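What follows is each chain in one-letter form.
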Amino acid sequence: MQARCRVLVVGGGHAGVEAAAAAARALGGGEGVWLVSMDPARIGAMSCNPAIGGLAKGQIVREVDALGGIMGLAADHAGIQFKVLNASKGPAVRGPRAQCDKEAYLAEVQRLLAAHGVRVLQGLVERIVVQEGRCVGVQLQGHAPEWAPAAEAIEWNGSGDRRARPVYQPAPASGCGALIRADAVVLTTGTFMRALMHTGESRTPGGRVGEGTAVGISGALRELGLELGRLKTGTPPRLRRGSIDWNALPPALGDAVPQPFSFMAPQAMASGRFPKLPQVECRQTHTTSAMHALIRANLHRAPMYAGAMETQQGPRYCPSVEDKVVRFADRDSHGVFLEPECLHTDEIYCNGISTSLPAEIQQPLVRAMPGCGSAEILRFGYAVEYDMVWPHQIDATAEVKSLPGLFLAGQINGTSGYEEAAAQGLVAGLNAAKRTLGHEPVRVGRDQGYIGVLMDDLVVRQPREPYRMFTSRAEHRLSLRADNADERLTPLGREHGLVCDRRWSAFEASRHAMARLREALDAARIEGQPASAWARRPDATGDRLAAALTGAVDMATLDRLMTDLRYEGYLVRQRAEIRRQRESEHATIPTDFDPAAVHGLRNEAREVIRRFRPATLGQASRLAGVNLRRGAARGA
């Protein structure tokens, strides 16, 4: 028995959700878009840190939102503490972040996905079906039962007096057979491919506590000729709040005036409906020399140091506490943030002490921190190792170069983080829809967004550890700010069917408000000069500018315009540089291109180009070992 759909998404994490939703929008509706998950009740789960955004990551979330995505809306809906990181620095490096109620976030993600009309099935993929050199579907393990959204859950409004529940529930006597044919398939397997969890000497198959592993798909991808690697990540213990001396620890406060992610949020703010949930305080503690001594004495029991893991490649920028003690041996303390995971549970996330040490070591380890002398562990930390696909095998569209119709997104590409996964999912879902429509694929440029930087980096740089986005990776970061993501990307989303009429109307209203405010600043005078010129001064303030204008002023719009004015000279030069580079960025390289035919390329460059198969001259120029001279570029 077989079934057929247009776009099939495998996996219900942050990448899978955005892929399914983007495909549904690009196709004009969810009919024909299916999502297969091992556990549909866990679609949209925050498997590690219950937070969205941060440095560079916050920019990605706003870009996903500008393109009509789900993540920003869900974070605004479930946020219990909002904070702009790097607020004292320039606007280009500020990063919005939201601590979320993880149950409310999951429920809102599922509600938004259900509103897109995506069909959800429960199943496990065993094989990728290929015909005539292209992906045409998947083979599942047996019957795939359908899950449907509960009507009352869809109407859930996030009020603080009721607990959020998963939207999707089993739908009896429905589903489909083991073979699903599709015009395009998007794999978003997260950390579940041949996944193995480690806590000390204990090993448990699975990519997340209480969930299984996907074994067959790794072998299926190898059979198709794809190069696989193996990475690891980890998570910290969760503590019972009631067992922590909470009030004895210094608070980590959110912003007094919370800033939302979504560009649709101003309407909610104006009506007093943001934030939706009660706001909470986190607490700060730190590791101690006694804690470090205990870790050193038990390093031989940590799976990575004991040689119990196939890989040593973990997230360098989010290391385990064991890594911190070894790599920073001169330090006797590291900061730890204690973060509530939910308004309705007593569970506290220990941000900063990811560990895979044995359970009997984790308990005294935690109690060595100030305020945690009597702390109870609700769930022990663990490390998980999993298979991934080296991302040089995909294009910046997320499509596998050697297998048309198959798209990869999220941690399967060697990335780390919810936000990076969501960005890839959106790109993959959009281009999967384009594949089914017979349209040209869409690539986001490095000059258009952090999403473009991410996709390009994956294509041209071989990751040594799980890839994480930083503002330093973006050479055009002055123009890739969190506050102007709609200006950069919403027109692109509208062009390709990702942006609905309501969002487009909100964008046009915002754009017109910016234009009117600029005219008002040009007309107003401060100290004998146009207010727009005075706004460029380093001591200029929004309050002084607002006082020079007549009528009410939206301070968020004014702050954004002040940033544009201050950066204007730099941005003019940056735009000129982008125009100079655009010719090579968009010059495509034929798929049957033979680098050996290009005069002037070194053997190393030929080998790198043959391996990475860049789609454009711009991508080729960023490959390690490639230096395209003008003549060689013309020959290509």
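Each chain has its residues counted from 1, following the order in which its sequence is written. Whole-chain, interface and lining totals are the exception, using all residues; otherwise, since this is a predicted model, local features are given only for residues with pLDDT of at least 70 and side-chain atom pairs are given and counted only at 80 or more. Side-chain figures throughout are based on the complete set of non-hydrogen atoms in the structure, without hydrogens or water.

A. A look at helix α18 (residues 603-612). Those residues of α18 lying buried are Ala605, Arg606, Val608, Ile609 and Phe612. Projected down its long axis, α18 carries its buried residues within an arc of 165 degrees, all on one side. Here, two residues are considered to be in contact whenever any of their heavy atoms come within 4.5 Å of each other. Numbering of helices and strands runs from the N terminus; a helix is a DSSP stretch of H or I covering at least four residues, while a strand is a stretch of E covering at least two. For α18, the secondary structure elements touched by its buried residues are α12 (450-460). Once α18 ends, the next one or two residues include Arg613, with phi positive near 50 degrees. The classification of residues rests on relative accessible area computed with a 1.4 Å probe and restricted to protein chains. Under 20% of the type maximum is buried, over 50% is exposed, and intermediate values are partly exposed. Directions from the helix axis toward the C-beta atoms define the arc.

B. Region of the structure containing the sheet that holds strand β19 (residues 347-351). If you trace the 6 strands from one edge of the open sheet to the other, you get β16-β17-β18-β19-β15-β20, paired in antiparallel fashion. One side of each edge strand has no neighbouring strand; the edge strands of this open sheet are β16 (251-252) and β20 (377-379). The sheet contact formed by strand β18 (residues 335-340) and β19 spans 4 bridges and is antiparallel. Paired with Leu338 across the strands is Cys350, a residue of β19. By this definition, two strands are paired if DSSP reports at least two bridges between them.

C. View of the confidence of the model for the protein chain. Overall, the predicted model of the protein chain reaches an average pLDDT of 89, with 94% of residues at or above 70. Counting contacts from residues 630-636, a segment whose pLDDT is below 50, to residues more than four positions away or on other chains yields 6 contacts. pLDDT measures the predictor's confidence residue by residue and takes values from 0 up to 100.

D. Local environment of unusual backbone geometry. With an omega of -5 degrees, the peptide bond between Phe274 and Pro275 qualifies as cis. You will see that Ala56, though not glycine, has its phi angle at about 70 degrees, which is positive. Mapping Ala56 onto the fold places it in the loop between β3 (51-53) and α2 (57-66). Ala56 gets classed as buried once you look at its relative accessible area, which sits at 0%. Positioned with a positive phi, Glu527 is a non-glycine residue whose angle comes to about 55 degrees. Following the sequence through the fold, Glu527 ends up in the loop between β23 (525-526) and β24 (529-530).

E. Expanded view of the pairing of strand β14 (residues 228-235). With 7 of 8 residues buried, β14 lies mostly within the body of the structure. Bridge count between β14 and strand β21 (residues 382-389): 8 bridges; the pairing is antiparallel. Across the sheet, residue Thr233 finds its bridge partner in β21, namely Val384.

F. Fine view of the sheet that holds β3. The sheet built from 3 strands is open, its strands ordered β3-β5-β4 with antiparallel pairing. This sheet does not close on itself; its edge strands, each paired only once, are β3 and β4 (79-85). Pairs of neighbouring strands in the sheet enclose a mean axial angle of 20 degrees, with direction left out of account. With 3 bridges joining them, β3 and strand β5 (residues 95-100) adopt antiparallel strand pairing. Residue pairing in the sheet places Ile52 in a bridge with Ala98 of β5. Against the sheet, helix α3 (residues 71-78) engages β3, β4 and β5, with an angle of about 115 degrees to β4. A fitted line through C-alpha atoms serves as each axis, taken over the contacting stretch for helices, and the angle formed by two N-to-C directions is quoted from 0 to 180°.

G. Fine view of the packing of helix α1 (residues 14-26) against helix α11 (residues 418-437). Viewed as axis vectors pointing N to C, α1 and α11 meet at an angle of 35 degrees, and their least axial separation amounts to 7 Å. Relative to α11, α1 is oriented so that their crossing is right-handed. Residues His14, Ala15, Glu18, Ala19, Ala22, Ala23, Arg25 and Ala26 of α1 lie in contact with α11, whose contacting residues are Tyr418, Ala421, Ala422, Gly425, Leu426, Gly429, Leu430, Ala433 and Leu437. Counted by class, the contact of α1 with α11 contains 12 nonpolar, 3 polar and 2 charged residues. Crossing handedness is defined as follows: a turn of the near helix away from the far one that is anticlockwise and smaller than a right angle gives a left-handed crossing, while the clockwise case is right-handed. Three classes are used: nonpolar for Ala, Val, Leu, Ile, Met, Phe, Trp, Tyr, Cys and Pro, charged for Asp, Glu, Lys and Arg, and polar for all others, with Gly counted as polar.

H. Layout of the layout of surface pockets. Put simply, the grid is 1 Å and covers the protein atoms alone, a cavity is a trapped set of points that fit a 1.4 Å probe, a pocket is an open set with protein on both sides within 12 Å along at least five of seven lines, and lining residues have an atom within 4 Å of a point. Grid points are joined across faces, edges and corners, and a volume is the space filled by probe spheres set on the points. Volume-wise, the second largest pocket comes out at about 1500 Å³. Every residue lining the second largest pocket is counted, 45 residues in all, and those nearest its centre are Gln259, Asp554, Met555, Ala556 and Thr557. Breaking the lining of the second largest pocket down by element, the ones donating at least two residues are α2, α7 (265-270), α13 (485-495), α14 (501-523) and α17 (555-585). Looking at the lining of the second largest pocket element by element, the count peaks at 10 residues for α14.

I. Inspection of the state of the cysteines at higher detail. Counting rule for disulfides: a pair of cysteine sulfur atoms within 2.5 Å. Counted according to the given criterion, the structure contains 0 disulfides. Note on Cys282: no disulfide assigned, nearest cysteine sulfur contributed by Cys100 at a separation of 11 Å. Taking the relative accessible area as the measure of exposure, Cys282 reaches 3% and is therefore buried.

J. Representation of α14. To estimate the expected span of a helix, count its residues, drop one, and scale the result by 1.5 Å. Taking 1.5 Å of rise per residue, 23 residues should cover 33 Å, and α14 covers 33 Å from first to last C-alpha, within 8% of that figure. Inspection of α14 places Arg503, Trp504, Phe507, Met514, Leu517 and Leu521 among the buried residues, and these make up the whole buried set.

K. Spotlight on the packing of aromatic side chains. Here the aromatic set is Phe, Tyr and Trp, taking the six-membered ring for Trp, and pairing holds for ring centres within 6.5 Å; pairs whose planes are under 30 degrees apart are stacked, those over 60 apart are edge-to-face, and all others are tilted. The tally for this structure, following the rule as stated, stands at 2 aromatic pairs. A centroid spacing of 5.1 Å and a plane angle of 35 degrees characterise the contact between Trp504 and Phe507, whose relative ring orientation is tilted. Of this pair, Trp504 and Phe507 both sit in helix α14, 3 residues apart, which is roughly one turn of the helix. For Phe507, a relative accessible area of 6% translates into the label buried. One residue, Arg62, lies across the ring of Phe263, its end atom 4.1 Å from the ring centre. Cation over ring: Arg241 sits above Trp246, and NZ or CZ is 4.3 Å from the ring centre. We call a charge positioned over a ring when the NZ of a Lys or the CZ of an Arg lies within 6 Å of the ring centre and within 35 degrees of the ring normal.

L. Focus on the side chain of Thr191. For Thr191, the position within the fold is in the loop between β11 (179-187) and β12 (196-199). The residues contacting Thr191, other than those within four sequence positions of it, are Gly207, Thr233, Val384, Tyr386 and Gln411.

M. Broad picture of the pattern of salt bridges. By convention in these notes, a salt bridge is any Lys or Arg side-chain nitrogen within 4 Å of a carboxyl oxygen on Asp or Glu. A complete count under the given rule lists 37 salt bridges for this structure. Note that Arg488 and Glu63 form a salt bridge whose closest N and O atoms lie 2.9 Å from each other. Pair noted here: Arg488 is in helix α13 and Glu63 is in helix α2, with a separation of 425 residues, a long-range link. Each member of the pair, Arg488 as well as Glu63, carries the same accessibility label: buried. Note that Arg301 is salt-bridged to Glu360, the shortest N-O span being 2.6 Å. Of this pair, Arg301 sits in the loop between α8 (289-297) and α9 (321-327) while Glu360 is found in helix α10 (residues 359-367), placing the two residues 59 residues apart along the sequence. Judged by its relative accessible area of 48%, Glu360 is partly exposed.

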